[in-house]
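Understanding the architecture of this molecule
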Amino acid sequence: MDGSIGTPIPRRDAMAKATGAAQYAADFGHTGTAYAALKLSSVARGRITRVDTAAAEAVPGVQLVLTHRDMNQDLGAETFIMKGGHMQSSFMPLTSDEVHYSGQIVGLVVADTTEAAEQAARVLNLEYAAQHGFASIDDPGRTKNTVEKPEITVGDADAAMAKAPVRVDQEYSTPAQHHNPMELYATTASWNDGKLTVHSPSQWVMGQRAALATIFGIAAEEVHVVSPYIGGAFGCKATLLPHTVLVAAAARRLGRPVKLVVPRDAMFTVGSFRPATRNRIAFGAERDGTMVAMVHEAVGQTAEVDHIAFPGTNVTSRMYDIANIKTSESTIATDVNTPGFQRAPAEASSFFAFESAVDELAVALGMDPIELRIKNEPKVDPVKGLPWSSRSLVQCYRRGAELFGWDKRTPGVGSMQTDDGVLIGYGCATATYPSAMVPAAAHVALSADGLLRVRTSAHDVGTGAYTVLGQVAADVLGIADEHVRVELGDSDLPSGPMSGGSVTTGSAGSAVHMAAMALREKLLLVATAAKGPFAGRDPATLQFASGHVVGADGTAHSLADILKASPAGSLDASAEWKPDLMDAEKMQASLLGGFALEGPVTKTHAIYSFGAQFAEVRVDPLLRTIRVSRMVGAFACGRIINPRTARSNLAGGMVWGASFALLEQSQVDHPRARFANQDLAGYHISSCADIGEVTAEIVDETDTVVNAIGAKAVGEIGIVGMPAAIANAVYHATGIRVRKTPILIEDLLG
Ligand code: MOS
């Protein structure tokens, strides 16, 4: 099949995944592997006062029982102070007797079998001097800490707000939510001649390599991180998690490979989560709908061990043409594990609030919510005055409205019903996602058998990277899809980006494009050299198509024939790509596994993807159950390499958005300061039965600024507008404005 850019070819890894041939981290085996189990803290805060390992060590087959008393020697605490860097948390368990949160790793047991390890972990006896902890930002006495840097001030928002004839001012809240990818966290670590090999699902093998090398005091080349397949990763596998370090340390002590599969309940505390938020949003507008002032005060949950924030105000401040903007960000520290990236970390929660408030303003003005948004569409970035690299939001609204049938909406609350009295609500909201860029390297090779190999250490986290990165190279060289092989997810490959922040296609794709262009040049040189099949022709007159090089007169020679004229019978090329404005030093640090990105706001442009999202809800008039019967999203994300994988990402995000709106919340057990619903029975996520029709539409857009291939962010935008679109639809159906998620039956009882 023609696999060029824009072709909806199926996923290269589909068959391997569907048949079980794909090997995930926990599937890799080494002879002599020992198995680990975790002991987690049962208290939220305090100190470990006594450790009794006798019963654990007596379990047959137990090889190693590690607590904080042992690990200090292995792991110098100072190496973990890598905030915002490689580690998910700057707190490393087992390095002191302090307990900072419930579910903290307080012991690691290794045995010949998983069963023995689990049994020993159960009987590992720890005593605590416990203090009262707080796991919720609603707990009394929590203080707010202002995050200084992200404050944005344009004009005078307070003065403009005071004078505005129409105002809305509300607070919205979202709960903590937890990652629940199908694939559990899992690590197998083995040491060989001082070299460490780690199999662990990862969105950033180069980052894991760099961090593990630092922690164990060895060269980066002596660490090999392998993660070819990932069973879902939406930020939780982006950074190095502490248990991977502990497993590697245990393997070194034992001189044996050690494997740990983290159980589902432990996933809630050994990894990251989406923190709870409170967002105050205020708008001031003229009676004709012109927005004149905006205030966004964001408060996010963080951990006592790691004060971090996910500033949504950076994004909300760029949505409307408003002359007076004031934003602030603060955090409330709680006794929980460090929160982290979870699909659209800054945007998803803040846009529930922000786009609900826009709908409230439309109601206050008596305006159609789409027309209100279009009226305030900014020509340039309202904060910096920079041009957009591309912004097709109005086209997204027009196309989305047409597909959804927005013109059939009657604005009155409760005015639309089915024949049997079920309330129908229509709602919409804007989505956006920043297109940041990360340096990347790639290698492409064409062998005598006509196979094109594409290699970079980017990752396919389920997004389709194996497929689209191959298409980028195939497009340059005119090679059919079945002759392309792509290798990803291995730290021995040329350095790829962290596959987070929706950067992979644009960043790794640009490197692949450059490498393929370099290979094309080499092929042309060979083809037109004295012994080549096109000897003496001008290379500029030759085309690449269907595995051939074709002359202006129609003469065609296969790539295999051209390779025969090359000295080695094969050709390859490498490239390193960086965003235009990034300096070379930053690029090199990034390629070595450091973290450097350019954008979304550069010196010259503001670079974002945009989308318009629509929801139809049906609310039972008596039972008040809420069903999402239809969702439509229209998105403009620059050049789309593969419409099939792009639509899957967008639709998947929309499904998660519905889950966010109606189901997901980590329940806090306040007296014990812990997350209470740590399994898939208690933590609700949407399943097929919860989701009606989903339409993800792609709006054509050309972006010549963003990167070498014109591709903007696709991965995360799908979730961003959906929660507000659903909340707005619920209001339209019922007249009840629910300013928190999840929106539950009891919220509609009135
Ligand atoms: Mo995304 S939260 O960067 O996987």
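Residues numbered from 1 in each chain as written. Predicted model: local features only at pLDDT ≥ 70, side-chain atom pairs only at ≥ 80, totals over all residues. Heavy atoms only, no water.

1. Let's talk about the nonpolar core
Core analysis: the largest hydrophobic core is formed by 89 residues, its most contacted members being Phe283, Leu361, Phe614, Val617 and Ile726. Sort the elements by how many residues they give to this core and helix α10 (residues 347–365) lands first, with 10 residues. Sequence-distant contacts of Ile726, defined by excluding residues within four places in its chain, comprise Ala615, Val617, Val628, Gly657, Ala658, Ala661 and Leu662. If you look at the next biggest cluster of nonpolar residues, it comprises 51 residues, including Ile5, Ala516, Ile607 and Ile641. (Core = buried A, V, L, I, M, F, W, Y, C linked by side-chain atoms within 4.5 Å. Buried < 20%, exposed > 50% of the residue type's maximum accessible area, 1.4 Å probe, protein only. Helix = DSSP H or I, 4+ residues; strand = E, 2+ residues; numbered from the N terminus. Contact = heavy atoms within 4.5 Å.)

2. Some points on the domain arrangement of the protein chain
Split into domains, the protein chain comes out as domain 1 (25–131 + 183–233 + 237–270), domain 2 (343–435 + 602–748) and domain 3 (439–591). Taking only C-alpha atoms into account, the centre of domain 1 sits 39 Å from that of domain 3. Contact with domain 1, which involves 18 residues of that partner, is made by 17 residues of domain 3. Contact with domain 3 buries area across many residues of domain 1, yet Gln203, Met206 and His224 alone supply 38% of it, more than any other trio. Here domain 1 is connected to domain 3 by zero salt bridges. The interface formed by domain 1 and domain 3 contains nine residue pairs in polar contact (both at pLDDT 80 or more). Breaking the side of domain 1 that touches domain 3 down by element, the ones donating at least two residues are α6 (205–216) and β12 (223–226). (Domains from an automatic or database assignment. Buried area = accessible area lost by both parts, 1.4 Å probe. Salt bridge = Lys/Arg side-chain N within 4 Å of Asp/Glu carboxyl O. Polar contact = N/O pair within 3.5 Å; in protein donor to acceptor, adjacent residues only side chain to side chain.)

3. A few points about the pattern of salt bridges
Under the defined criterion, the tally for this structure stands at 31 salt bridges. We note a salt bridge from Arg373 to Glu355, for which the minimum N-O separation is 2.7 Å. With Arg373 in helix α11 (residues 369–375) and Glu355 in helix α10, this pair connects stretches of sequence that are 18 residues apart. Across the pair Arg630 and Glu616 runs a salt bridge whose closest N-O atoms are separated by 3.1 Å. Residue Arg630 is found in strand β27 (residues 626–636), and its partner Glu616 is found in strand β26 (residues 608–619); the two are separated by 14 residues along the sequence. According to the relative accessible area criterion, Arg630 is buried, its value standing at 16%. The class of Glu616 is buried, set by a relative accessible area of 5%.

4. Let's talk about the sheet that holds strand β15 (residues 277–285)
Reading across from one edge, β7-β17-β16-β15-β8 is the order of the five strands in this open sheet, with mixed pairing throughout. Each of the sheet's edge strands pairs with one partner strand only, and the pair in question is β7 (144–154) and β8 (166–174). The average angle at which neighbouring strand axes cross in this sheet is 10°, direction not considered. Relative to strand β16 (residues 291–303), β15 runs antiparallel, the two sharing nine bridges. Counterpart to Ile281 in the pairing with β16 is His296. (Pairing = 2+ DSSP bridges. Axes fitted to C-alpha atoms, helices over the stretch in contact; angles between N-to-C directions.)

5. A short note on the packing of aromatic side chains
Throughout the structure, instances matching the rule amount to 22 aromatic pairs. Relative to Tyr426, the ring of Phe404 lies with its centre 4.7 Å away and its plane at 70°, an arrangement referred to as edge-to-face. With Phe404 in helix α12 (residues 393–404) and Tyr426 in strand β18 (residues 423–434), the pair connects residues that are 22 residues apart, well separated along the chain. The exposure class of Phe404 is buried, given its relative accessible area of 3%. Residue Tyr426 is classed as buried on the basis of its relative accessible area of 7%. With 5.7 Å between their ring centres and 65° between their planes, Trp406 and Phe614 make a pair best called edge-to-face. (Phe/Tyr/Trp six-rings, centres within 6.5 Å; stacked < 30°, edge-to-face > 60°.)

6. What about helix α17 (residues 643–662)?
If you check α17, its first and last C-alpha atoms are 28 Å apart, about what 20 residues at 1.5 Å a residue would give, namely 28 Å. Of all 20 residues in α17, 14 are buried, a share of seventy percent or more. A side-chain oxygen of the first residue of α17 lies 2.8 Å from the backbone nitrogen of Arg644; this N-cap is Asn642. (Expected span 1.5 Å × (residues − 1).)

7. Brief notes about the packing of α10 against helix α19 (residues 722–734)
Running from N to C, α10 and α19 cross one another at 35°; their axes reach a closest spacing of 8 Å. In this structure, α10 meets α19 at a crossing whose hand is right-handed. The residues of α19 that touch α10, namely those facing Phe351, Phe352, Glu355, Ser356, Asp359 and Val363, are Pro723, Ala724, Ala727, Asn728 and Tyr731. (Left-handed = near helix turned anticlockwise from the far one by under 90°.)

8. Some points on the sheet that holds strand β4 (residues 98–99)
Pairing is antiparallel in the open sheet, where three strands are placed in the order β4-β2-β6. Across the chains shown, the open sheet's two edge strands, defined by having one partner strand only, are β4 and β6 (125–130). Relative to β4, strand β2 (residues 46–52) is paired through two bridges, and the arrangement is antiparallel. Residue pairing across strands places Gly46 opposite Val99, the latter belonging to β4.

9. Some thoughts on the side chain of Ser435
Looking at the element boundaries, Ser435 is found in the loop between β18 and β19 (440–446). Of the polar contacts made by the side chain of Ser435, one reaches the backbone nitrogen of Ala713; its length is 2.8 Å. Among all residues touching Ser435, those that are not within four sequence positions of it are Pro600, Ile607, Tyr608, Ser609, Val706, Lys712 and Ala713.

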